[in-house]
Amino acid sequence: IESFDGKSRGVKYDRFIEAKGSRDSRVRFFWTENEMRVAKKLGARYWIYFQGGIDLKSKKAKNKLVTFQNPVETILKDAKFAKTPQGIIVEADLRSEVLVVA
């Protein structure tokens, strides 16, 4: 998703958002090799928005949106996230935390 951060002058996208979601309350998503390449290239302009606790029947989410700015720095270097070598499965139990990752 190409977006504007509100600080952009003119019509130039300055925020690139990868949207992820899950029915589970925990943060858990697959981050592909290609998504990681783009994230490395865009740095702080690349964000992952994760929506957990999605109820398919009501089409609503129980959890607040969790955002990760520059996930190459904020996710890959953070020990609380479990990662696997095939792409990356990002996983963490953040239900008891207030999370601001920027």
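Our structure is the block above this text.
Only a predicted model underlies this, so the values are computations on that prediction, with no experimental measurement involved.

J.: What exactly am I supposed to notice about unusual backbone geometry here?
T.: Leaving glycine aside, a negative phi is the common case for residues, and trans is the common case for peptide bonds. A positive phi angle is found at Lys59, which is not glycine, with a value near 60°. Residue placement: Lys59 occurs in the loop between strand E5 (54–55) and strand E6 (60–61). Residue classification places Lys59 among the exposed positions, given a relative accessible area of 74%. Phi at Asn70 takes a positive value of approximately 50°, unusual for a residue other than glycine.

J.: Help me understand the nonpolar core, please; the structure alone is not making it clear to me.
T.: A general tendency of soluble globular proteins is for nonpolar side chains to be buried together. Counting 18 residues, the largest nonpolar core has Phe29, Trp31, Ile48, Phe68, Ile75 and Val90 as the members making the most contacts within it. Of all the secondary-structure elements, those providing two or more residues to this core are strand E3 (27–31), helix H1 (33–42), strand E4 (46–51), strand E7 (66–69) and strand E8 (88–92).

What counts and how
Residue numbers run consecutively from 1 along every chain, following the written order of its sequence. Per-residue local features of the predicted model are confined to residues with pLDDT of at least 70, and side-chain atom pairs are confined, for both listing and counting, to 80 or more; whole-chain, interface and lining totals are unaffected and use all residues. For side-chain calculations, the full set of non-hydrogen atoms in the structure is used, while hydrogens and water are omitted. Helix and strand assignments come from DSSP, with helices taken as H or I runs of at least 4 residues and strands as E runs of at least 2, each series counted from the N terminus. For every residue, the accessible area (1.4 Å probe, protein chains only) is compared with the maximum for its type, and the residue is labelled buried under 20%, exposed over 50%, or partly exposed between those bounds. By nonpolar core we mean a set of buried residues, namely Ala, Val, Leu, Ile, Met, Phe, Trp, Tyr and Cys, connected to one another through side-chain atoms within 4.5 Å.

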